[in-house]
Amino acid sequence: MTLYSFVLHLYLWAVPFIFLPFCCAQFQGSHNQTIHTMEFKLSHYLDIVEVNIAHQISLRSEAFFHAMTSQHELQDYLKKTSQAVKMLRDKIAQIDEVMCEGSLHILRLALTRNNCVKVYNKLKLMATVHQTQPTVQVLLSTSEFVGALDLIATTQEVLQQELQGIHSFRHLGSQLCELEKLIDKMMIAEFSTYSHSDLNRPLEDDCQVLEEERLVSLVFGLLKQRKLNFLEIYGEKMIITAKNIIKQCVINKVSQTEEIDTDVVVKLADQMRMLNFPQWFDLLKDIFSKFTIFLQRVKATLNIIHSVVLSVLDKNQRTRELEEISQQKNAAKDNSLDTEVAYLIHEGMFISDAFGEGELTPIAIDTTSQRNASPNSEPCSSDSVSEPECTTDSSSSKEHTSSSAIPGGVDIMVSEDMKLTDSELGKLANNIQELLYSASDICHDRAVKFLMSRAKDGFLEKLNSMEFITLSRLMETFILDTERICGRKSTSLLGALQSQAIKFVNRFHEERKTKLSLLLDNERWKQADVPAEFQDLVDSLSDGKIALPEKKSGATEERKPAEVLIVEGQQYAVVGTVLLLIRIILEYCQCVDNIPSVTTDMLTRLSDLLKYFNSRSCQLVLGAGALQVVGLKTITTKNLALSSRCLQLIVHYIPVIRAHFEARLPPKQYSMLRHFDHITKDYHDHIAEISAKLVAIMDSLFDKLLSKYEVKAPVPSACFRNICKQMTKMHEAIFDLLPEEQTQMLFLRINASYKLHLKKQLSHLNVINDGGPQNGLVTADVAFYTGNLQALKGLKDLDLNMAEIWEQKR
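Residues numbered from 1 in each chain as written. Predicted model: local features only at pLDDT ≥ 70, side-chain atom pairs only at ≥ 80, totals over all residues. Heavy atoms only, no water.

Q: Can you walk me through the overall build of the chain in this structure?
A: The secondary structure content of the chain amounts to 26 helices and four strands. Taking all 810 residues of the chain together, the buried fraction comes to 39%. Element-wise, carbon and sulfur atoms account for 55% of the exposed surface of the chain, whose accessible area totals about 46100 Å². (Helix = DSSP H or I, 4+ residues; strand = E, 2+ residues; numbered from the N terminus. Buried < 20%, exposed > 50% of the residue type's maximum accessible area, 1.4 Å probe, protein only. Areas by Shrake-Rupley, 256 points an atom, 1.4 Å probe, with all protein chains shown as cover.)

Below you can see the structure in the form of C-alpha cells.
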C-alpha cells in the first residue's frame, strides 16, 4: 500500500470520531453527566488515533518520500506523450484534408441530391393530389363516374400512405368522402334519368339500347359502390312506362274516332268504353304490339347489365385462381428453400456464404423491383419522373384492371377493387332475370286491368263466337310472344283469359241450350227436308274431322233440299231440330279448336246439351209433352219412329265427338270422356224405350182385338182383317223412317206379341191343333195374317214361326 492510500484510509476512519462530539453536543439536558463522560472517552480515542497515525507514517516514510520524488518523472513522461499525440493529430488532419474530405463531400452532396429529389417528387405528388377535386368535377361534368371514383380511391390511398401527416391535407380525406357520397347520389339520379329516357323514348325507334357506353359506366359505378338497389329503380320506371303506354294508345285511338265527343265524355276510361269491338280490338292489338317492343328493349338493357355483372364475377374468379396459383408457387418455393437450408446445415456450411451469390441476389432484385413499383418508390432523378407518371404509379398500387367486352361491342375495364362477393354477384344476376320476368308480369297485369275496365259493362260477355275467338287468339299470341322474349309464361293475363273464356263458355252454352229448348218446344216431330248446306256439313264429317264448312255461293243456292240426310250411305229421316243440333255440336267442337283452354268446360257443357236433348225429347214424345207444348192431337208411331231415328243419328256422331275431344284433352283428364259413354248408354236406352213403346202400341191393339176374336166364318175374320190393316199402317208409318233391319226386328217383336195374345185367346176358346173345323178356320185366318205381313215391303223373308200359337201336346 502506498503512503498516500494509507493516509487517506486513516483519515476516513478518524473523521467520524472527530465529528461525533459535535453531534453529541446536540443532546443536552438532564444527561449532561453522561455526555461529559462520553466526551472524555472520545477525546481519549482521538489521541489514540493520532498516535497510531504518527506511528504508521513513521513506518512508511521511505515510500512516502519515494512517491514525492517519482512525481517529477511522471510529469516528464506526460509531456512527451502529449507532444506525440499532437503530432499524430496534425498528420491525421493533413490526411483527412488531402484524401477524405473531398470524397465525403461528394457523398454528402449525393445524399442531399437524393433527398431533394424525394422532396421534389413529394411536392409533385402533393400538387397532383391538390388537383383531385377539380379533376373530379371535370369527370363528373362528363358523367365519368367510374373514373371519378377511381381517382378518389387512389387519392385516399396516397393520403393514407405517402402523404400521411401533411398538415395542409388534413381535411382533404373527409372532403373526398363527402364527394364520394355525392357521387353515389348523382349516379342513382343519373341511372333514374337514364331509365326514364330509355323506357319512354319513341317505340318506333329501332335502337334497342340507348347510349350503351353510358349504361355500362353507370352500372360499373353502382357496382363499385355496392349500390345494388338500382334494379328497383328500373322496376319502378317499368311500371310507370307500362301505364303510360296504355294511356297513350287509348288517347291516340280515341282522337282518331269521330263518334266520341271528348268534350262531353271527359274521362278517358269512359271514352274507351264507347269504342265498338273492331275499334277496341285494334286498340288492344296496338297495345300488345307496343308491349312487345317494350319488353324487347327491357331485355336488351337487362342483358347489358347482366353481362357487366358476369364480367365482374368472371374477373373475381380469375383473380382468385391467380392468387391460389401464386400461393401454391410460394409454398413450393418455401419448401425448396427449407430443404436446401437443412442440407447446408447438415454439411456444416455457412448459410450466408451459400446464399450470398445464388439466392440473395434474386431476392434482392425482386425486393428492389417491388419497391420501385410501389407508391413509395424513389426515382433516380428528377428528369426520369413526370407528373402523369407519378399519378399512374399511385393508382397502380390501388388497382389492376383487365379488359373485357360487352355483347353490344363496348370494351370495359374491370377493376380488381370491386367490393362484391361471388354470392352477391350471383344473387344480383338472378335478380336481373327476375326483373325481366317482372317486366312480363307488369305488361300482363296492365293488360288485365285494361280488359277488366272494358268488361265492366259486360262488353266481353256480349261478344259473339267469332269475336271472342279472335280476341282469344290475339291474347294467346301475346302470351306466347312474351314467353319467348322473357323465358317464362306469365299467368295473370292467361288467368283473365281463362276467366273470360269460362264466362264466354257459359254464355255460349246458355244461348245454344236456350235455342235448342225453343226449337224442341216448337218442334212438331214431322220429317223435315234437308237443305243442301246441312248435307254438305255432314259430308265434311265423313273423314273424321270436325269443322264447319265455308259457305258456298252460286251452285248451293240452286240445289233443292233432300228428303233424307245421307250419312255414310245410310238414310236418316230427321226433324229440323236435329239438323240444327248437329250444327250446334259442331260449333262446340270448333270452339274447342279455336280456344283450347276451354276444352274441359266445353266437354262438360256439350255433355249437358246432349243430355238435355235426350231428356227433353223423351218428355215431348214418349211423355206426350208435345200435346200441350205444341198442340199435337196425338203422338203417332211416325212421331216415335222419327224421334228414334234422330237419336240414332246423334249416337252415330258421339264416337266422332269423343275422338275430337280426346285428341285435345291432356292425358290426366281422359276420365272426363266417360261422360260420352254415359250419354251413349242413355241414348240407347231411350231408343229401346221407343221401340218398346211401338211394340206396346200394337200389343194393346192385339189385346183389344183378339180378346173379341171368335172362331167362325167367314174367313178371314173381321178381327184378322183389322189386325192386318193396323199392321200395314204401322209399316207405312215407320218403313220410310227406320232402316230395313230395324223394321224387321220391330215387326218380329210385334209378331211375338201377336202370337202371345192369339195363343192366349185360342187357349181361352179351347181351340187346339187337332185338324178339326175350328182349327181349319184359325189356320185360314193365320194364313191370311202371314200373307199380308210378308207382303209388306222388306218383310218377305221374315220368319214368323206361327206354330207357336198352339199349345204343345203333353
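Q: How should I be thinking about the environment of Thr 604 in this particular structure?
A: Turning to its location among the elements, Thr 604 is positioned in helix H20 (residues 599–622). In the structure, Thr 604 is positioned 71 residues away from His 675 in sequence and 8.0 Å away in space, judged by C-alpha atoms.

Q: Please explain the side chain of Ser 307 as it appears in this structure.
A: For Ser 307, the position within the fold is in helix H10 (residues 277–347). Among the polar contacts listed, one links the side chain of Ser 307 to the backbone oxygen of Asn 303, at a separation of 2.8 Å. (Polar contact = N/O pair within 3.5 Å; in protein donor to acceptor, adjacent residues only side chain to side chain.)

Q: Please clarify how the pattern of salt bridges should be interpreted in this entry.
A: Going through the model one piece at a time under the given rule, you end up with 15 salt bridges. Between Arg 484 and Asp 481 there is a salt bridge, and its shortest N-O distance comes to 3.9 Å. Of the two residues, Arg 484 and Asp 481 both sit in helix H15 (residues 465–486), three residues apart, roughly one turn of that helix. A relative accessible area of 53% places Arg 484 in the exposed class. With a closest N to O distance of 3.5 Å, Arg 512 and Glu 511 form a salt bridge. Given a relative accessible area of 11%, Arg 512 falls into the buried group. Each of the salt bridges in this network shares a partner with another, and the network as a whole consists of Arg 507, Glu 511, Arg 512 and Glu 587. (Salt bridge = Lys/Arg side-chain N within 4 Å of Asp/Glu carboxyl O.)

Q: Is there a simple way to explain the packing of helix H4 (residues 132–141) against helix H5 (residues 145–161) in this structure?
A: The description of two packed helices rests on the angle between their axes and on the distance between the axes. Running from N to C, H4 and H5 point in directions that differ by 165 degrees, and their axes come no closer than 8 Å. By the angle between their directions, the pair H4 and H5 is classed as roughly antiparallel. The element H4 and its partner H5 pack so that their crossing is left-handed. Counted together, Thr 132, Thr 135, Val 136, Leu 139 and Leu 140 of H4 and Phe 145, Gly 147, Ala 148, Leu 151, Ile 152 and Thr 155 of H5 form the full contact between these two elements. (Axes fitted to C-alpha atoms, helices over the stretch in contact; angles between N-to-C directions. Parallel < 35°, antiparallel > 145°, perpendicular 65-115°, else oblique. Left-handed = near helix turned anticlockwise from the far one by under 90°. Contact = heavy atoms within 4.5 Å.)

Q: Please clarify how the packing of aromatic side chains should be interpreted in this entry.
A: Within a pair of aromatic rings, the relevant descriptors are the distance that separates the centres and the angle that separates the planes. Counted according to the given criterion, the structure contains 14 aromatic pairs. Here Trp 280 and Phe 459 contribute two aromatic rings whose centre-to-centre distance is 5.6 Å and whose plane-to-plane angle is 70 degrees, an arrangement assigned as edge-to-face. With a gap of 179 residues between them, Trp 280 in helix H10 and Phe 459 in the loop between helix H14 (422–454) and H15 connect regions that are remote in the sequence. The exposure class assigned to Trp 280 is buried, which follows from its relative accessible area of 0%. An angle of 10 degrees between the planes, with centres 4.2 Å apart, marks the rings of Phe 288 and Phe 478 as stacked. Linking Phe 288 in helix H10 with Phe 478 in helix H15, this pair joins segments that are 190 residues apart in sequence. (Phe/Tyr/Trp six-rings, centres within 6.5 Å; stacked < 30°, edge-to-face > 60°.)

Q: Help me understand the confidence of the model for the chain, please; the structure alone is not making it clear to me.
A: Close inspection of predicted coordinates is inappropriate in any region flagged by low pLDDT. Confidence in the prediction for the chain averages 80 pLDDT; 82% of positions are at 70 or higher. Contacts of residues 19–28 to residues separated by more than four positions or lying in other chains number six contacts, the stretch itself having pLDDT below 50. Contacts for the low-pLDDT stretch residues 408–412, under 50 throughout, to residues beyond four places or in other chains number 17 contacts. (pLDDT = per-residue confidence, 0-100.)

Q: Which parts of the structure should I look at to understand the nonpolar core?
A: One recurring pattern in soluble globular proteins is that nonpolar side chains are buried together. Among the nonpolar cores identified, the biggest contains 198 residues, and Ile 183, Trp 280, Ile 650, Phe 661, Phe 747 and Tyr 754 are the most heavily contacted of them. Counting residues per element, this core draws most heavily on H10, at 19 residues. In this structure, Phe 747 is in contact with Met 727, Met 730, His 731, Ile 734, Leu 789, Leu 792, Leu 795 and Leu 798, ignoring residues within four places of it in sequence. (Core = buried A, V, L, I, M, F, W, Y, C linked by side-chain atoms within 4.5 Å.)

Q: Help me out: how do you make sense of the packing of helix H19 (residues 576–594) against H20 in this one?
A: Contact geometry of H19 with H20 gives a least axis separation of 9 Å together with a crossing angle of 170 degrees. Judged by the inter-axis angle, H19 sits roughly antiparallel to H20. Across the interface between the two elements, Thr 577, Val 578, Leu 581, Ile 584, Ile 585, Tyr 588, Cys 591 and Val 592 from H19 touch Thr 599, Met 602, Arg 605, Leu 606, Leu 609, Leu 610 and Phe 613 from H20. Of the residues assigned to the contact of H19 with H20, the class counts are 12 nonpolar, two polar and one charged. (Nonpolar A, V, L, I, M, F, W, Y, C, P; charged D, E, K, R; others polar.)

Q: What am I meant to see in H15 here?
A: Note that an α-helix has 3.6 residues per turn; residues three or four places apart therefore point the same way. Here H15 spans 31 Å end to end across 22 residues, near enough to the 32 Å set by a 1.5 Å rise per residue. Of the residues making up H15, those classed as buried are Ser 465, Phe 468, Ile 469, Leu 471, Ser 472, Leu 474, Met 475, Phe 478, Ile 479, Thr 482, Ile 485 and Cys 486. Where H15 begins, the capping side chain belongs to Asn 464, and its oxygen is found 3.2 Å from the backbone nitrogen of Met 466. Positive backbone phi, at 85 degrees, marks Gly 487, one or two positions downstream of H15. (Expected span 1.5 Å × (residues − 1).)

Q: Would you mind showing me how to read helix H22 (residues 637–662) here?
A: Between its terminal C-alpha atoms H22 stretches 38 Å, which fits the 38 Å expected from 26 residues at 1.5 Å a residue. Of all the bends in H22, the greatest, near 30 degrees, is centred on Ile 654, and the proline Pro 655 appears no more than four residues after it. Extensive coverage of H22 is indicated by the burial of 19 of its 26 residues. (Bend = angle between axes of the 7 residues up to and from the residue.)

Q: Sorry, what's going on with unusual backbone geometry here?
A: Cis rather than trans, the peptide bond between Ala 713 and Pro 714 has omega equal to 0 degrees. Its location among the elements puts Pro 714 in the loop between helix H23 (674–706) and helix H24 (718–734). A cis amide bond, omega 0 degrees, links Val 715 with the succeeding residue Pro 716. Checked against the element boundaries, Pro 716 lands in the loop between H23 and H24. Despite not being glycine, Trp 525 has its phi angle at roughly 55 degrees, a positive value. Owing to a relative accessible area of 1%, Trp 525 belongs among the buried residues under this scheme. Although it is not a glycine, Asn 766 adopts a positive phi angle of roughly 60 degrees. The class of Asn 766 is exposed, set by a relative accessible area of 63%.

Q: What is the right way to look at the state of the cysteines in this model?
A: Such a bond, covalent and formed between the sulfur atoms of two cysteines, is termed a disulfide. Counting across every chain of the model gives zero disulfides. The thiol of Cys 719 is not disulfide-bonded; the next cysteine sulfur, from Cys 724, is found 9.4 Å away. (Disulfide = S-S within 2.5 Å.)

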